[in-house]
Amino acid sequence: MFREYFKYYKSKWPTPDLKNVIDFRETERGESEAKVLISMVPLNEDYVNFGLPLGVQPICNWQCYIVPKHPGLIMIRNAFTVQGQRYWMSRCLRDFPKHPNRVNLSETLFSRDAIEDWWSALQQCCHQDDVKRLKNAMRWSTMGYQHDWDTKVYSEQLHSNFPKDLAKMCNFFAQVLGYKTFKAQAAIVNYYPIGSTLSGHTDHSEPNQKAPLFSFSFGQTAIFLIGGLTLQVKPTALFLESGDVLVMTRESRLCYHAVPRIMKARDDPWNEYITLSPSDLLKQTADRRVHKDIAQVERNDTEFVQWSMDLTLYERVCNEAFWLPYKNYLQDSRININVRQVLNEGEETLTQ
């Protein structure tokens, strides 16, 4: 049944009827026929103890949902500000595909420069055909512990540094959800042009299969299918929109899932004009406890000490001229960051 539904939602003709896709946005307005399938759950709002990364909304603004049919599946909406979405989009495009992180680009088809710094090579393309070819060829980059696609296991030899800002951001979400020992150790960034798909699979390669999986969506909208432990289970379809955070815990952690369709978003909140400079936004923050790192930023203008964020990039994404190439890329593309813990608690390496 999983494959049947995957083909149905993937179909270009006839186009699928989307009325049974869970729409969390409509559920907030009480209009969705699928609203009986989900429930809203409270979150720990003690962000004074956790601190709050800039670019993340105060927890009281989040909407958090569970899908009772799929125990352990959690959806968080409205977790990021416009500036926060832009920051992570630019990190995914400009920085995360850089060497020594691995990418899917083939050495037989692309130059070493393009493989080691894809975004820079894309900006230097002079012909539209070259731009399209290089843009659409990029499908994934991996960081931290990197999956060996031939053996289907992680290797201690395939291991790059995990980005500190991404690790701390994921650990923050884990803390809010009660996973206090979670450690971000491996990530894959997926790049989806409209019309692309990700076939059904399970994530079972990690030695630690109890830790949650975090999935951050940016850009165009995806239809996400979540099924059961076998392909015979009828899956549930739901929309993933820009800024959504999907967390797979407990039973859902090992269920079949897929992305049969990437489609045009109903709006593009990541392009909303940011009228105030970052310093103005900080000064006008009503509750300074939310941004405990303000004083640290003033003392160190190269990075956020607490969250290891790239302050220069965080400021530059507010500049519309700087943002333009990212805006152009996202007109017909979706980005997904999937983060997981690899090692069991107490382990330092895979060879223990």
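- Looking at an unreviewed UniProt entry, one finds the protein chain named Fe2OG dioxygenase domain-containing protein and attributed to Glossina austeni.

## Regarding the overall build of the protein chain
Next up, step 1: Helices and strands together make up the secondary structure of the protein chain, namely 12 helices and 14 strands.
Next up, step 2: When burial is assessed residue by residue, the protein chain has 54% of its 352 residues classed as buried.
Next up, step 3: The contacts of the protein chain with a sequence gap of at least 6 include a subset with a gap of at least 24, amounting to 75%.
Next up, step 4: Carbon and sulfur atoms provide 50% of the accessible area of the protein chain, an area that totals close to 16,700 Å².

## As for the pattern of salt bridges
Next up, step 1: In this structure the tally under the stated criterion is 18 salt bridges.
Next up, step 2: When the shortest N-O distance is used, the salt bridge between aspartate 95 and arginine 94 registers 2.8 Å.
Next up, step 3: Residues joined by salt bridges that share partners form a network here, namely Asp23, Arg25, Arg77, Glu241, Asp244, Arg266 and Asp267.

## Things to note about the UniProt feature "binding site: Fe cation" (unreviewed entry) in the protein chain
Next up, step 1: In this structure's numbering, the residues bearing the UniProt feature "binding site: Fe cation" (unreviewed entry) are His201, Asp203 and His257. In sequence the annotated residues extend across 57 residues, while in space they remain close, none of their C-alpha pairs exceeding 9.0 Å.
Next up, step 2: Within the element layout of this structure, aspartate 203 appears in the loop between β8 (198-201) and β9 (213-219).
Next up, step 3: A residue is classified by how much of its surface remains accessible, and aspartate 203, at 9% relative accessible area, is buried.
Next up, step 4: Once residues lying within four places of it in the same chain are set aside, the contact partners of aspartate 203 are Leu213, Arg253, Leu254, His257 and Arg340.
Next up, step 5: A polar side-chain atom of aspartate 203 sits 3.0 Å from a polar atom in the side chain of histidine 257.

## Topic: the sheet that holds strand β13 (residues 257-263)
Next up, step 1: Strand order in the open sheet made by the 4 strands is β8-β13-β10-β11, with antiparallel pairing throughout. Strands with a single pairing partner mark the edges of an open sheet, and in this sheet they are β8 and β11 (236-240). Looking at each pair of strands side by side, their axes are set apart by 20° on average, direction ignored.
Next up, step 2: Of the strand pairs in this sheet, strand β10 (residues 221-226) and β11 are connected by 5 bridges, and their pairing is antiparallel. When the sheet's bridge partners are listed, phenylalanine 224 is paired in β11 with leucine 238.
Next up, step 3: Helix α1 (residues 2-10) rests against β8, β10, β11 and β13 of the sheet, and its axis sits at about 10° to β13.

## Things to note about the pairing of β11
Next up, step 1: Of all the 5 residues making up β11, 5 are buried; the element is thus mostly covered by neighbouring parts of the structure.
Next up, step 2: Burial along β11 is two-sided: the face carrying Thr236, Leu238 and Leu240 and the face carrying Ala237 and Phe239 are both buried.

## With respect to unusual backbone geometry
Next up, step 1: Here the residue pair tryptophan 13 and proline 14 is connected by a cis peptide bond, since its omega of -5° sits within 30 degrees of zero.
Next up, step 2: Cis geometry marks the peptide bond from histidine 99 to proline 100; its omega dihedral reads 15°.
Next up, step 3: Counting through the fold element by element, proline 100 comes out in the loop between α4 (82-95) and β4 (102-103).
Next up, step 4: Although it is not a glycine, asparagine 78 adopts a positive phi angle of roughly 65°.
Next up, step 5: The phi dihedral of arginine 250 falls on the positive side, at around 45°, and the residue is not glycine.
Next up, step 6: In this fold, arginine 250 is placed in the loop between β12 (245-248) and β13.

## Considering the packing of α4 against helix α12 (residues 320-330)
Each packed pair of helices is defined by two parameters, the angle between the axes and the distance between the axes.
Next up, step 1: At a minimum axis distance of 11 Å, the contact between α4 and α12 shows a crossing angle of 70°. Taken together, the axes of α4 and α12 are roughly perpendicular relative to one another. Residues Arg86, Met89, Ser90, Leu93 and Arg94 of α4 form the contact with α12, whose own contacting residues are Glu320, Trp323, Tyr326, Tyr329 and Leu330.

## Thoughts on the side chain of serine 308
Next up, step 1: Looking at the element boundaries, serine 308 is found in the loop between α10 (294-299) and α11 (311-316).
Next up, step 2: Reaching out from serine 308, the side chain makes a polar contact with the side chain of lysine 168 at a distance of 3.2 Å.

Cut-offs and rules
- Residues numbered from 1 in each chain as written.
- Predicted model: local features only at pLDDT ≥ 70, side-chain atom pairs only at ≥ 80, totals over all residues.
- Heavy atoms only, no water.
- Helix = DSSP H or I, 4+ residues; strand = E, 2+ residues; numbered from the N terminus.
- Buried < 20%, exposed > 50% of the residue type's maximum accessible area, 1.4 Å probe, protein only.
- Contact = heavy atoms within 4.5 Å.
- Areas by Shrake-Rupley, 256 points an atom, 1.4 Å probe, with all protein chains shown as cover.
- Salt bridge = Lys/Arg side-chain N within 4 Å of Asp/Glu carboxyl O.
- UniProt positions renumbered as here; feature names shortened; annotations may be inferred.
- Polar contact = N/O pair within 3.5 Å; in protein donor to acceptor, adjacent residues only side chain to side chain.
- Pairing = 2+ DSSP bridges.
- Axes fitted to C-alpha atoms, helices over the stretch in contact; angles between N-to-C directions.
- Parallel < 35°, antiparallel > 145°, perpendicular 65-115°, else oblique.

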